[in-house]
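Each chain, written out:
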Amino acid sequence: MLGGRSMQIVYDEGGLLGYMGSAVKASPKHPVLIDKYLSDAIEIDADAICDGRQVVVAGIMEHIEEAGVHSGDSGCSLPPYSLDESIVEDIRGQMTALALELGVVGLMNAQFAVKDKTVYVLEVNPRGSRTVPFVSKAIGVPLAKLAMKTMVGKTLNELGFVTAPKPTHLSVKEAVFPFNKFPGVDVLLGPEMKSTGEVMGIDADFGWAFAKSQAGAGSTLPRGGTAFISVKESDRSLALDVTKRLHRLGFNIQATSGTAAYLRENGLDVKTVHKVTEGRPHIVDHIKNGEVALVINTVGTAASHADSRSIRREALNKGLAYYTTMRGARAAVMGIEAILKKELTICSLQEYHRRS
């Protein structure tokens, strides 16, 4: 990832040379920063309150999109839905050590990445974060109010807040995007924040909590139909698991040639459809004709990014649920499994907190 006055993901040498030419031309006196992603890592947000002597880690949120997608654009789950408890405790310990070492009084946010069970610190912000309202609703504690009181001299002991509640429900935050107001803009997520709002889904089951968050964000999960899958080569093994689960749920599967061949080699019944560049009828025609209910599309090169742009855009135009990361696709399948397994239940925030 390159960062200067704007950020851009570079996939190959040609993209690097192109970006450097435009960046240096636009801003010759400013440096260009180059970051390398932790591939296939899980990103974590954590919020804490410290009074200078004691720390309460109020919430640890597992991002649904992998590391590399801006934290404001990624959905997240509180508590984490797939992390080992040992990893969660490691993060809790690091949050406590960081807050005390930095001498924080009030709120602190930190972001971590987990890869191969190793925890990496990405950034630490000794201030309130955009996640504080979400965490407050999820655990039923007015964090901003308590933090303000610590900043004027109150201790956490005096405030009676020495440990955070452990909710029995899961809360999922999902970002809301304005893409439908900007014709032609690609919906692919990246390092620059594009969302303009957020919604929240709550349930005792992660799948239903995720499904509720998707409905709130205007992307209701389908109960059946045809799923279109086209993923980069490194995602194919993950796509295999997702496709098997969709197949068991009764979905028909369509895929572009490379993905389709891999899935068929692994015993799945998949129909091959044309890419836009391969002639008509192609996948965008299928989406326009209402023949697709779910779109899963990941890219790994600048060429595949450009070639599949119209697929993602048409999915948006038709109001389809679409996912551009495999972690997002896996969460969607968990949501579909949940809504096919049991009926929707709705409770107020107060009812959820009384049960915790």
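Residues numbered from 1 in each chain as written. Predicted model: local features only at pLDDT ≥ 70, side-chain atom pairs only at ≥ 80, totals over all residues. Heavy atoms only, no water.

K.L.:
When you look at the pairing of strand β8 (residues 118-125) in this model, what are you seeing that I'm missing?
P.N.:
Working note: regular strand, side chains alternate between the two faces of the sheet. Pairing analysis gives seven bridges linking strand β7 (residues 105-115) to β8, with the strands arranged antiparallel. Along β8, the bridge assignment pairs V114 with V119. Counting the residues between successive antiparallel strands, the hairpin from β7 to β8 contains two residues, one of them, D116, with a positive phi of roughly 55°. (Pairing = 2+ DSSP bridges. Helix = DSSP H or I, 4+ residues; strand = E, 2+ residues; numbered from the N terminus.)

K.L.:
Which parts of the structure should I look at to understand unusual backbone geometry?
P.N.:
Residues apart from glycine generally show negative phi values, whereas peptide bonds are mostly found in trans. Each neighbour pair has its own omega, and for L78 with P79 the value is -5°, a cis peptide bond. Of note, P79 is situated in the loop between β6 (76-78) and α2 (85-102). Cis peptide bonds are those with omega within 30 degrees of zero, and the linkage from R280 to P281 qualifies with 0°. Relative to the helices and strands, P281 is located in the loop between β13 (271-272) and α9 (283-288). In this structure, D116 takes a positive phi of about 55° despite not being glycine. Assignment of secondary structure puts D116 in the loop between β7 and β8. Phi angles above zero are rare outside glycine, and K117 is one such case at about 65°.

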